[in-house]
Amino acid sequence: MAEPLPDGARAAIDRNVPAATRLPADLRTRLDGLVNAFVAEKEFVGCNGLAVTDEMRATIAALACLLVLGRRGHYDELHSILVYPTAFWVEDEVEDEAGVVEQRRRVLSGEAWEASRIILSWEDVLEAARFPGEGYNVALHEFAHYLDAEGLGLGGSQRPLAGWADEIAGEFESLLDTVDRGGFTFLDPYAAEDEAEFFAVASEDFIDRPVGLRDAHPRLYALLAEFYGIDPASWQLPHSAQ
Ligand SMILES: [Zn+2]
(Lines give C-alpha, C1' and ligand atoms only; values in the text may rest on other atoms or scores of the structure.)
Protein backbone atom coordinates (compact mmCIF):
# COMPACT_ATOMS: atom_id res chain seq x y z
CA MET A 1 0.00 0.00 0.00
CA ALA A 2 2.77 2.45 0.87
CA GLU A 3 4.88 1.82 -2.24
CA PRO A 4 4.65 4.44 -5.00
CA LEU A 5 3.18 3.16 -8.26
CA PRO A 6 5.69 2.19 -10.96
CA ASP A 7 5.82 4.95 -13.63
CA GLY A 8 4.40 2.67 -16.33
CA ALA A 9 1.41 1.79 -14.19
CA ARG A 10 0.70 5.44 -13.38
CA ALA A 11 0.91 6.42 -17.06
CA ALA A 12 -1.45 3.58 -18.02
CA ILE A 13 -3.99 4.68 -15.42
CA ASP A 14 -3.78 8.33 -16.52
CA ARG A 15 -4.36 7.23 -20.11
CA ASN A 16 -7.10 4.66 -19.58
CA VAL A 17 -8.98 5.69 -16.44
CA PRO A 18 -10.28 9.25 -16.87
CA ALA A 19 -11.88 9.38 -13.41
CA ALA A 20 -8.52 8.71 -11.74
CA THR A 21 -7.10 11.93 -13.21
CA ARG A 22 -9.83 13.96 -11.48
CA LEU A 23 -9.12 12.66 -7.97
CA PRO A 24 -7.98 15.03 -5.23
CA ALA A 25 -4.34 14.34 -4.26
CA ASP A 26 -5.12 12.41 -1.06
CA LEU A 27 -7.53 10.08 -2.82
CA ARG A 28 -5.09 9.60 -5.71
CA THR A 29 -2.43 8.50 -3.23
CA ARG A 30 -4.94 6.11 -1.70
CA LEU A 31 -5.91 4.78 -5.13
CA ASP A 32 -2.27 4.15 -6.03
CA GLY A 33 -1.78 2.17 -2.82
CA LEU A 34 -4.92 0.12 -3.41
CA VAL A 35 -3.79 -0.60 -6.98
CA ASN A 36 -0.43 -1.85 -5.73
CA ALA A 37 -2.13 -4.19 -3.29
CA PHE A 38 -4.71 -5.37 -5.84
CA VAL A 39 -2.07 -6.18 -8.46
CA ALA A 40 0.04 -8.00 -5.86
CA GLU A 41 -2.86 -10.04 -4.44
CA LYS A 42 -5.03 -10.92 -7.43
CA GLU A 43 -4.16 -13.33 -10.18
CA PHE A 44 -4.63 -12.00 -13.74
CA VAL A 45 -5.24 -14.77 -16.24
CA GLY A 46 -4.96 -14.14 -19.98
CA CYS A 47 -7.54 -16.09 -21.99
CA ASN A 48 -7.74 -16.99 -25.70
CA GLY A 49 -3.99 -16.49 -26.04
CA LEU A 50 -3.89 -13.01 -24.48
CA ALA A 51 -0.59 -12.12 -22.75
CA VAL A 52 -1.59 -9.93 -19.79
CA THR A 53 0.55 -6.77 -19.60
CA ASP A 54 1.34 -4.38 -16.75
CA GLU A 55 -0.89 -1.83 -18.50
CA MET A 56 -3.85 -4.23 -18.31
CA ARG A 57 -3.19 -5.04 -14.65
CA ALA A 58 -2.87 -1.38 -13.64
CA THR A 59 -5.91 -0.25 -15.65
CA ILE A 60 -8.24 -2.98 -14.38
CA ALA A 61 -6.96 -2.63 -10.81
CA ALA A 62 -7.53 1.15 -10.88
CA LEU A 63 -11.12 0.72 -12.09
CA ALA A 64 -11.79 -1.88 -9.39
CA CYS A 65 -10.19 0.24 -6.68
CA LEU A 66 -12.04 3.48 -7.57
CA LEU A 67 -15.13 1.72 -6.21
CA VAL A 68 -13.53 0.87 -2.86
CA LEU A 69 -11.77 4.20 -2.17
CA GLY A 70 -14.31 4.88 0.58
CA ARG A 71 -15.11 1.34 1.66
CA ARG A 72 -13.67 -1.16 4.08
CA GLY A 73 -12.49 -4.44 2.59
CA HIS A 74 -10.86 -4.80 -0.79
CA TYR A 75 -12.43 -7.62 -2.77
CA ASP A 76 -11.28 -10.04 -0.09
CA GLU A 77 -12.68 -13.17 -1.71
CA LEU A 78 -11.82 -12.26 -5.29
CA HIS A 79 -8.94 -14.42 -6.49
CA SER A 80 -8.64 -13.91 -10.21
CA ILE A 81 -9.44 -11.64 -13.10
CA LEU A 82 -9.84 -13.49 -16.40
CA VAL A 83 -8.95 -11.19 -19.30
CA TYR A 84 -10.05 -11.95 -22.88
CA PRO A 85 -8.68 -9.90 -25.78
CA THR A 86 -12.19 -9.13 -27.09
CA ALA A 87 -15.81 -10.02 -26.31
CA PHE A 88 -16.11 -13.69 -25.42
CA TRP A 89 -18.64 -16.48 -25.70
CA VAL A 90 -20.14 -18.15 -22.70
CA GLU A 91 -22.37 -21.19 -22.66
CA ASP A 92 -24.81 -21.93 -19.92
CA GLU A 93 -28.21 -23.52 -19.40
CA VAL A 94 -31.43 -21.63 -18.89
CA GLU A 95 -34.75 -22.99 -17.77
CA ASP A 96 -37.87 -21.41 -19.24
CA GLU A 97 -41.19 -20.98 -17.44
CA ALA A 98 -42.34 -24.43 -18.57
CA GLY A 99 -39.25 -26.01 -17.00
CA VAL A 100 -37.56 -26.75 -20.34
CA VAL A 101 -33.78 -26.47 -20.07
CA GLU A 102 -31.99 -25.07 -23.07
CA GLN A 103 -28.32 -24.55 -23.87
CA ARG A 104 -27.65 -20.88 -24.42
CA ARG A 105 -24.67 -19.24 -26.06
CA ARG A 106 -24.07 -15.54 -25.47
CA VAL A 107 -21.38 -13.04 -26.33
CA LEU A 108 -20.30 -10.88 -23.41
CA SER A 109 -17.87 -8.07 -22.65
CA GLY A 110 -17.76 -8.85 -18.93
CA GLU A 111 -19.21 -11.06 -16.29
CA ALA A 112 -19.13 -11.26 -12.50
CA TRP A 113 -20.99 -14.37 -11.52
CA GLU A 114 -19.17 -15.90 -8.61
CA ALA A 115 -17.23 -14.71 -5.60
CA SER A 116 -13.78 -15.76 -6.73
CA ARG A 117 -13.46 -14.38 -10.25
CA ILE A 118 -14.44 -11.67 -12.70
CA ILE A 119 -14.19 -11.96 -16.48
CA LEU A 120 -13.46 -8.98 -18.73
CA SER A 121 -12.79 -8.25 -22.39
CA TRP A 122 -9.75 -5.95 -22.63
CA GLU A 123 -11.04 -4.36 -25.83
CA ASP A 124 -14.24 -3.41 -24.02
CA VAL A 125 -12.39 -2.20 -20.90
CA LEU A 126 -10.54 0.25 -23.18
CA GLU A 127 -13.80 1.57 -24.69
CA ALA A 128 -14.22 3.60 -21.52
CA ALA A 129 -10.97 5.46 -22.21
CA ARG A 130 -12.04 6.21 -25.75
CA PHE A 131 -15.47 7.50 -24.72
CA PRO A 132 -15.12 9.03 -21.26
CA GLY A 133 -18.16 10.69 -19.76
CA GLU A 134 -20.68 8.58 -21.66
CA GLY A 135 -21.49 6.30 -18.76
CA TYR A 136 -20.18 3.16 -20.43
CA ASN A 137 -17.56 1.25 -18.48
CA VAL A 138 -17.72 -2.54 -18.41
CA ALA A 139 -15.04 -2.95 -15.72
CA LEU A 140 -16.84 -0.58 -13.32
CA HIS A 141 -20.07 -2.41 -14.18
CA GLU A 142 -18.74 -5.87 -13.30
CA PHE A 143 -16.88 -4.78 -10.16
CA ALA A 144 -20.06 -2.99 -9.03
CA HIS A 145 -22.00 -6.26 -9.46
CA TYR A 146 -19.35 -7.93 -7.36
CA LEU A 147 -19.60 -5.40 -4.52
CA ASP A 148 -23.41 -5.46 -4.70
CA ALA A 149 -23.45 -9.25 -4.29
CA GLU A 150 -20.80 -9.07 -1.59
CA GLY A 151 -22.92 -6.59 0.37
CA LEU A 152 -25.89 -8.93 0.21
CA GLY A 153 -24.03 -11.89 1.56
CA LEU A 154 -21.45 -13.31 -0.86
CA GLY A 155 -18.68 -11.93 1.28
CA GLY A 156 -20.94 -10.51 3.93
CA SER A 157 -18.37 -7.92 4.96
CA GLN A 158 -20.51 -4.87 4.37
CA ARG A 159 -24.26 -4.58 4.48
CA PRO A 160 -26.17 -1.55 3.23
CA LEU A 161 -27.66 0.63 5.93
CA ALA A 162 -31.24 0.15 7.06
CA GLY A 163 -33.73 1.50 4.55
CA TRP A 164 -31.11 1.69 1.83
CA ALA A 165 -32.42 -1.29 -0.16
CA ASP A 166 -36.01 0.01 -0.04
CA GLU A 167 -34.92 3.41 -1.26
CA ILE A 168 -32.88 2.04 -4.13
CA ALA A 169 -35.80 -0.22 -5.06
CA GLY A 170 -37.95 2.92 -5.20
CA GLU A 171 -35.47 4.56 -7.58
CA PHE A 172 -35.58 1.42 -9.75
CA GLU A 173 -39.41 1.50 -9.84
CA SER A 174 -39.40 5.11 -10.95
CA LEU A 175 -36.98 4.24 -13.77
CA LEU A 176 -39.34 1.43 -14.85
CA ASP A 177 -42.22 3.92 -14.94
CA THR A 178 -40.22 6.26 -17.16
CA VAL A 179 -39.22 3.43 -19.50
CA ASP A 180 -42.83 2.19 -19.66
CA ARG A 181 -43.97 5.66 -20.66
CA GLY A 182 -41.29 5.76 -23.34
CA GLY A 183 -39.62 8.72 -21.61
CA PHE A 184 -35.96 9.75 -21.80
CA THR A 185 -33.71 8.12 -19.22
CA PHE A 186 -30.32 9.46 -18.17
CA LEU A 187 -29.34 5.90 -17.26
CA ASP A 188 -28.84 3.44 -20.09
CA PRO A 189 -32.24 1.71 -20.50
CA TYR A 190 -30.47 -1.60 -19.80
CA ALA A 191 -30.75 -0.48 -16.15
CA ALA A 192 -34.44 -1.41 -16.37
CA GLU A 193 -33.50 -5.11 -16.80
CA ASP A 194 -33.60 -5.84 -13.05
CA GLU A 195 -32.41 -4.34 -9.77
CA ALA A 196 -28.91 -5.78 -10.07
CA GLU A 197 -28.41 -4.24 -13.52
CA PHE A 198 -29.90 -0.97 -12.25
CA PHE A 199 -27.27 -0.84 -9.52
CA ALA A 200 -24.39 -1.73 -11.87
CA VAL A 201 -25.41 0.75 -14.59
CA ALA A 202 -25.95 3.52 -12.03
CA SER A 203 -22.51 2.75 -10.57
CA GLU A 204 -20.90 3.26 -13.99
CA ASP A 205 -22.51 6.71 -14.19
CA PHE A 206 -21.63 7.46 -10.56
CA ILE A 207 -17.92 7.32 -11.45
CA ASP A 208 -17.93 8.21 -15.16
CA ARG A 209 -20.41 11.12 -15.23
CA PRO A 210 -21.19 11.89 -11.59
CA VAL A 211 -22.38 15.49 -12.05
CA GLY A 212 -24.89 14.38 -14.68
CA LEU A 213 -26.14 11.57 -12.46
CA ARG A 214 -26.46 13.90 -9.48
CA ASP A 215 -28.45 16.42 -11.54
CA ALA A 216 -30.72 13.79 -13.12
CA HIS A 217 -31.21 11.55 -10.05
CA PRO A 218 -30.15 13.35 -6.84
CA ARG A 219 -31.60 10.71 -4.50
CA LEU A 220 -29.97 7.84 -6.39
CA TYR A 221 -26.68 9.73 -6.38
CA ALA A 222 -26.92 10.18 -2.59
CA LEU A 223 -27.66 6.47 -2.08
CA LEU A 224 -24.62 5.50 -4.15
CA ALA A 225 -22.47 8.04 -2.29
CA GLU A 226 -23.57 6.33 0.92
CA PHE A 227 -22.81 2.85 -0.44
CA TYR A 228 -19.40 3.75 -1.85
CA GLY A 229 -18.38 6.33 0.75
CA ILE A 230 -17.20 8.81 -1.89
CA ASP A 231 -18.55 11.93 -3.66
CA PRO A 232 -17.23 11.81 -7.25
CA ALA A 233 -19.26 14.85 -8.35
CA SER A 234 -16.98 16.94 -6.13
CA TRP A 235 -13.84 15.75 -7.88
CA GLN A 236 -12.14 18.22 -10.14
CA LEU A 237 -13.30 18.31 -13.73
CA PRO A 238 -10.61 17.05 -16.11
CA HIS A 239 -9.84 20.31 -17.95
CA SER A 240 -10.58 22.91 -15.30
CA ALA A 241 -7.74 24.96 -13.88
CA GLN A 242 -6.33 23.76 -10.56
ZN1 LIG B 1 -24.64 -6.44 -15.54
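What you see is a predicted model, and the numbers here were worked out from it, not measured in a lab.

### Let's talk about the confidence of the model for the chain
Item 1. Residue-level pLDDT values for the chain average 88, and 93% of them are 70 or greater.
Item 2. The least confident element of the chain is strand β5 (residues 110–114), whose mean pLDDT is 74; the most confident is helix α4 (residues 54–66), at 97.

### Notes on the nonpolar core
Item 1. Counting residues in each nonpolar core, the largest one holds 68 residues, and the members touching the most others are F38, L66, Y75, F143, L187 and Y228.
Item 2. Per element, the largest residue contribution to this core is 9 residues, and it comes from α4.
Item 3. In this view, L66 contacts V17, A19, L23, L31, I207, I230 and W235; residues no more than four positions away in its chain are not counted.
Item 4. Judged by nonpolar contacts, the second largest core, of 7 residues, contains Y84, F88, V90 and L108.

### Examining the side chain of T185
Item 1. By secondary structure assignment, the location of T185 is in the loop between α7 (164–180) and α8 (195–208).
Item 2. A distance of 2.8 Å separates a polar atom in the side chain of T185 from the backbone oxygen of L187.

### Observations concerning the coordination of the zinc ion
Item 1. Around the zinc ion, the protein supplies H141 (NE2), H145 (NE2), E197 (OE) and E197 (OE) as donor atoms, at distances of 2.1 to 2.7 Å.
Item 2. Considering all 4 donor atoms around the zinc ion, the spread of angles at the metal, 53 to 147°, places the coordination shape in the irregular class.
Item 3. Taken in chain order, the donor set of the zinc ion reads H-x3-H-x51-E. Remark: E197 occurs in helix α8 and H141 occurs in helix α6 (residues 138–151); sequence separation between them is 56 residues.
Item 4. Its relative accessible area of 8% is what places H141 among the buried residues.
Item 5. Of the residues examined, E197 reaches a relative accessible area of 12% and is grouped as buried.

### So, the pattern of salt bridges
Item 1. Within this structure, the stated rule accounts for 8 salt bridges.
Item 2. With a closest N to O distance of 3.0 Å, R28 and D32 form a salt bridge. Of this pair, R28 and D32 both sit in helix α3 (residues 25–41), 4 residues apart, which is roughly one turn of that helix.
Item 3. The class for D32 is buried, based on a relative accessible area of 8%.
Item 4. Put simply, D205 and R209 hold a salt bridge, and the shortest N to O gap is 2.6 Å.
Item 5. Through salt bridges with shared partners, a single network forms among R10, D14, R28 and D32.

### Side note on the packing of aromatic side chains
Item 1. What the rule picks out here adds up to 14 aromatic pairs.
Item 2. Centroid distance Y75 to F143: 5.4 Å. Interplanar angle 65°. Geometry classified as edge-to-face. Placement of Y75 in the loop between α4 and β2 (80–84) and of F143 in helix α6 is noted, with a sequence separation of 68 residues between them.
Item 3. Residue F143 is classed as buried on the basis of its relative accessible area, which comes to 0%.
Item 4. With a centroid separation of 5.3 Å and 35° between ring planes, the pair formed by W164 and F227 is classed as tilted.

Cut-offs applied
- Residues numbered from 1 in each chain as written.
- Predicted model: local features only at pLDDT ≥ 70, side-chain atom pairs only at ≥ 80, totals over all residues.
- Heavy atoms only, no water.
- pLDDT = per-residue confidence, 0-100.
- Helix = DSSP H or I, 4+ residues; strand = E, 2+ residues; numbered from the N terminus.
- Core = buried A, V, L, I, M, F, W, Y, C linked by side-chain atoms within 4.5 Å.
- Buried < 20%, exposed > 50% of the residue type's maximum accessible area, 1.4 Å probe, protein only.
- Contact = heavy atoms within 4.5 Å.
- Polar contact = N/O pair within 3.5 Å; in protein donor to acceptor, adjacent residues only side chain to side chain.
- Donors = N, O, S within 2.8 Å, 3.2 Å for Na, K, Ca; no water.
- Tetrahedral: all angles 85-135°; square planar, octahedral: opposite > 155°, others 65-115°.
- Salt bridge = Lys/Arg side-chain N within 4 Å of Asp/Glu carboxyl O.
- Phe/Tyr/Trp six-rings, centres within 6.5 Å; stacked < 30°, edge-to-face > 60°.

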